[in-house]
Amino acid sequence: MKLFIIKFCCSFLLVLLLGGCKKDPDVTITDNQVGGSKITFFVDLALNGGQYMGVVKGQAFTDPGAEATENGQPVDVTVSGTVNTNVSGIYKLTYTAVNKDGFAKSVNRYVGVLPEAPDPAVDLSGTYASGGSPQATITKISDGLFYTSNCWGGGSVVVIGALFFCTDGTTLHLPLQDLGGQRVVADDPGVYANGTITWTISRLDFPGGLTLEKVWTKVP
């Protein structure tokens, strides 16, 4: 009798489970909707080419653009910002794509317009230290254009990434820029000599402004 009861209960539970798995004919299920809930596919947006690019003053700049998709389908991309190759500096281009539900996604590209043609042999890449601050990694983006993960230093714990120019292996130019919330500039050229960078950086995002000389030495 007990065995019969156990078998009956198991069979009853199985029927309930199978019945619960059946699709409700009144529930709408499409690629974009389940019942009363709408499915949102966010945009996948990627740059063509690098996030940082360099061009020599007076030369033409060709924007490689960006591509976006929503659920595998192409989406239009708009770009804001311009690059004036007649004026040396750092320029920001912002690419934006919007999905069908109005959700936008953006990515930035930074273009450095070098003041003059660079010497291809110049390479300041490496790890640098400055007075107990977090170390900086300098990367060569292209001939004459470099990115440092930290330009501030001098014992400060603040980390500020920046692009800068070095076309001759000695003179450093750090144009006005805002790569991550901090606006920095070196109004006067810095110097690279014997593995040491010396430049005077101004933080324009700091209340009232803050200008300090910073020294970075390459780690062997």
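Residues numbered from 1 in each chain as written. Predicted model: local features only at pLDDT ≥ 70, side-chain atom pairs only at ≥ 80, totals over all residues. Heavy atoms only, no water.

Q: Whenever I open this one, the environment of glutamine 182 confuses me. Can you help?
A: Relative to the helices and strands, glutamine 182 resides in the loop between strand 15 (177–178) and strand 16 (183–185). Expressed as a C-alpha distance, the spacing of glutamine 182 and glycine 161, which sit 21 residues apart in the sequence, is 8.8 Å. Dropping the residues within four chain positions of it, glutamine 182 is found in contact with Val158, Val159, Ile160, Gln177, Arg203 and Asp205. (Helix = DSSP H or I, 4+ residues; strand = E, 2+ residues; numbered from the N terminus. Contact = heavy atoms within 4.5 Å.)

Q: For this particular structure, what's the right way to read the nonpolar core?
A: Nonpolar side chains in soluble globular proteins tend to end up buried together. Counting residues in hydrophobic clusters, the biggest one holds 21 residues, and the most contacted among them are Leu124, Phe164, Leu174 and Trp199. Put simply, the parts of the chain that give this core at least two residues each are strand 11 (136–142), strand 13 (162–165) and strand 18 (196–203). A per-element tally of this core places strand 18 first, with three residues. (Core = buried A, V, L, I, M, F, W, Y, C linked by side-chain atoms within 4.5 Å. Buried < 20%, exposed > 50% of the residue type's maximum accessible area, 1.4 Å probe, protein only.)

Q: Before we go on, may I ask you to explain the sheet that holds strand 3 (residues 44–47) in this structure?
A: Adjacent strands of a sheet pair through backbone hydrogen bonds, lying either parallel or antiparallel. Across the sheet, which stays open at both edges, the three strands sit in the order 3-5-6 with antiparallel pairing between neighbours. Edge positions in the open sheet fall to strand 3 and strand 6 (73–75), since each of these has one partner strand only. Pairwise comparison of adjacent strand axes, ignoring direction, gives a mean angle of 30° for this sheet. When strand 3 meets strand 5 (residues 66–70), the two strands line up antiparallel, connected through four bridges. In the sheet register, alanine 46 faces strand 5, and the bridge partner there is glutamate 67. (Pairing = 2+ DSSP bridges. Axes fitted to C-alpha atoms, helices over the stretch in contact; angles between N-to-C directions.)

Q: Got a minute to help me understand the environment of threonine 69 in this structure?
A: By the element assignment, threonine 69 lies in strand 5. A sequence separation of 26 residues divides threonine 69 from valine 43, and the C-alpha atoms of the two residues are 5.7 Å apart. Beyond its immediate sequence surroundings of up to four residues, threonine 69 is in contact with Phe42, Val43, Asp44, Pro74 and Val75.

Q: Looking at this structure, I do not really get the packing of aromatic side chains. What am I missing?
A: In total, this model carries five aromatic pairs according to the counting rule given. Both rings, one in tyrosine 52 and one in tyrosine 147, keep their centres 5.2 Å apart while their planes meet at 20°; by these two values the pair is stacked. One end of the pair, tyrosine 52, is in strand 4 (residues 52–56); the other, tyrosine 147, is in strand 12 (residues 145–148), with 95 residues separating them in the sequence. For tyrosine 147, a relative accessible area of 21% corresponds to the partly exposed category. Here the aromatic cluster, defined as three or more aromatic residues joined through ring pairs, consists of Tyr52, Tyr110 and Tyr147. The ring centre of tryptophan 152 lies 5.7 Å from the NZ or CZ of arginine 203, which sits over that ring. (Phe/Tyr/Trp six-rings, centres within 6.5 Å; stacked < 30°, edge-to-face > 60°. Lys NZ or Arg CZ within 6 Å of the ring centre and 35° of its normal.)

Q: Help me out: how do you make sense of the sheet that holds strand 4 in this one?
A: The four strands lie next to each other as 4-9-8-7, forming an open sheet whose pairing is mixed. This sheet does not close on itself; its edge strands, each paired only once, are strand 4 and strand 7 (78–80). Taking the axes of each pair of neighbouring strands and ignoring which way they run, one obtains an average angle of 25° across the sheet. For strand 4 and strand 9 (residues 104–114), the ladder comprises five bridges, and the chain directions are parallel. Its bridge partner being in strand 9, glycine 54 is matched across the sheet by glycine 112.

Q: Mind showing me how you'd approach the pattern of salt bridges here?
A: For side chains of opposite charge, pairing can occur when their charged atoms come near one another. Tallying each qualifying case throughout the model produces three salt bridges. With a closest N to O distance of 3.3 Å, aspartate 143 and lysine 140 form a salt bridge. We classify aspartate 143 as partly exposed; its relative accessible area is 36%. Notably, a salt bridge pairs arginine 203 with aspartate 205, separated by 2.7 Å at the nearest N-O pair. (Salt bridge = Lys/Arg side-chain N within 4 Å of Asp/Glu carboxyl O.)

Q: Honestly, the side chain of asparagine 150 in this entry has me stumped. Any pointers?
A: Note on placement: asparagine 150 falls in the loop between strand 12 and strand 13. Reaching out from asparagine 150, the side chain makes a polar contact with the backbone oxygen of proline 134 at a distance of 3.4 Å. Looking at asparagine 150, its side chain comes within polar contact range of the main-chain nitrogen of isoleucine 160, at 3.0 Å. Leaving out residues up to four positions away in the same chain, asparagine 150 has contacts with Pro134, Gln135, Ala136, Val158, Val159, Ile160, Gly161 and Trp216. (Polar contact = N/O pair within 3.5 Å; in protein donor to acceptor, adjacent residues only side chain to side chain.)

Scope: geometric values only; no functional claims are made or implied.
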